[in-house]
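The residues making up each chain are set out below.
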Amino acid sequence: MTAFFIDADNLCAPAWVEEAFRTLEQHEGSVSLRRAYGSADKLKGLGEVLRTRMIRPYMNLSLTKNTTDVALAVDVMELSYAPSCPSTIAIGSGDADFVPLVLRLRERGFRVVCLSDRGKMAPEAVNAYDQVFLVGQETEPVTEAPTAMAVAAPPAPQAPAAKKTPARKTTPRKAAAPKAAEQAAPAKKAPAKKAAAKKATSATATKATGGTAAGRNAAGSSAGKSVSVRQILDHAPALKAGQWQPLGAIVKLLHDAKLLGKNTASTKLFKKFPDQFELSPQTQPNAVRYLSEGR
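The following paragraphs examine the structure supplied in this document. (Residues numbered from 1 in each chain as written. Predicted model: local features only at pLDDT ≥ 70, side-chain atom pairs only at ≥ 80, totals over all residues. Heavy atoms only, no water.)

**A short note on the sheet that holds strand β7 (residues 245–246)**
Read from one edge of the open sheet, three strands run β7-β9-β8, paired in antiparallel fashion. Across the chains shown, the open sheet's two edge strands, defined by having one partner strand only, are β7 and β8 (277–280). (Pairing = 2+ DSSP bridges. Helix = DSSP H or I, 4+ residues; strand = E, 2+ residues; numbered from the N terminus.)

This is the structure in structure tokens:
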């Protein structure tokens, strides 16, 4: 019996999860227990592969500190003490946080293997496992294929034919040269007139419509700058509780209220009020909360 526990916050690409599952079946046999742990957003992105591979999703609580690794480790240890425990446990993550768990499982006689995205495998965690399988190798042949084709691509047998054809057409080209020169002179004057006409029409168009476009831009920019904390709370009342809220849901409410433009970054809006709002995590935030009394 093989059990596969996936850290969806680490092994989060649907293609790599599918490849990891195929690799595990090929080397360890049938997979009886299949679970994926992660945030709501990560599990939603893996929805199709979870459905087709019958992998049960376990959504993690939305907290400031990511606790997916601990939730996965607790369930693995609980399973290891079950009467019908698996003989092989596969961890779908290259995170070094799982090393203590892996060592404990191996001490108790389990075979523990790792399946990780090639770019996320921690080097210090490799020796902890009985075997490590890296997925994502499909990107390498793609980079080699163009170079191989470029080396084998020079078919130069047509070069002589290209030299013979221009030699036969040298005389007509000379005869046609003056005609092309005669036609080129009026052709150059025509664009000059057209360019002047375009400038005149564009000048009148900007006079007629430039004021309204500038007014709209100025209104949009001023609307973005005049947004207040009170307006944000009025249109996103869930923030008043002071609890962490999904950033995407709050941004949608502000877009619907036209407090945010389509091209306006939501993080910039909240960062204008550092004493009232807090974003998490610092890089690529996905949650926001209201600090009622400031920091």
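**Topic: the nonpolar core**
Here is a general trend for soluble globular proteins: nonpolar side chains tend to be buried in one another's company. Core analysis: the biggest nonpolar cluster contains 23 residues, and F5, V76, I91 and Y129 have the highest contact counts within it. Elements supplying a minimum of two residues to this core: β1 (2–7), β2 (31–38), α4 (68–80), β4 (88–92), α5 (99–107) and β5 (111–117). Contact partners of Y129, with chain neighbours within four places excluded, come to I91, S93, F98, V102, R106, V112, V113, C114 and M121. Formed by 21 residues, the second largest nonpolar core is a distinct cluster that contains A20, V31, A36 and L115. (Core = buried A, V, L, I, M, F, W, Y, C linked by side-chain atoms within 4.5 Å. Buried < 20%, exposed > 50% of the residue type's maximum accessible area, 1.4 Å probe, protein only. Contact = heavy atoms within 4.5 Å.)

**Some points on the pattern of salt bridges**
Following the criterion strictly, the structure yields ten salt bridges and no others. Where R35 meets D75, a salt bridge forms, and the shortest distance between an N and an O atom there is 3.6 Å. Linking R35 in strand β2 with D75 in helix α4, this pair joins segments that are 40 residues apart in sequence. The residues R35 and D75 share a single accessibility class, namely buried. The shortest N-O distance in the salt bridge between D256 and K252 comes to 3.2 Å. Highlighted residues: D256 and K252, both in helix α10 (residues 247–256), separated by four residues, approximately one helical turn. Sharing partners across several salt bridges, the network here consists of E18, R22, E25 and R53. (Salt bridge = Lys/Arg side-chain N within 4 Å of Asp/Glu carboxyl O.)

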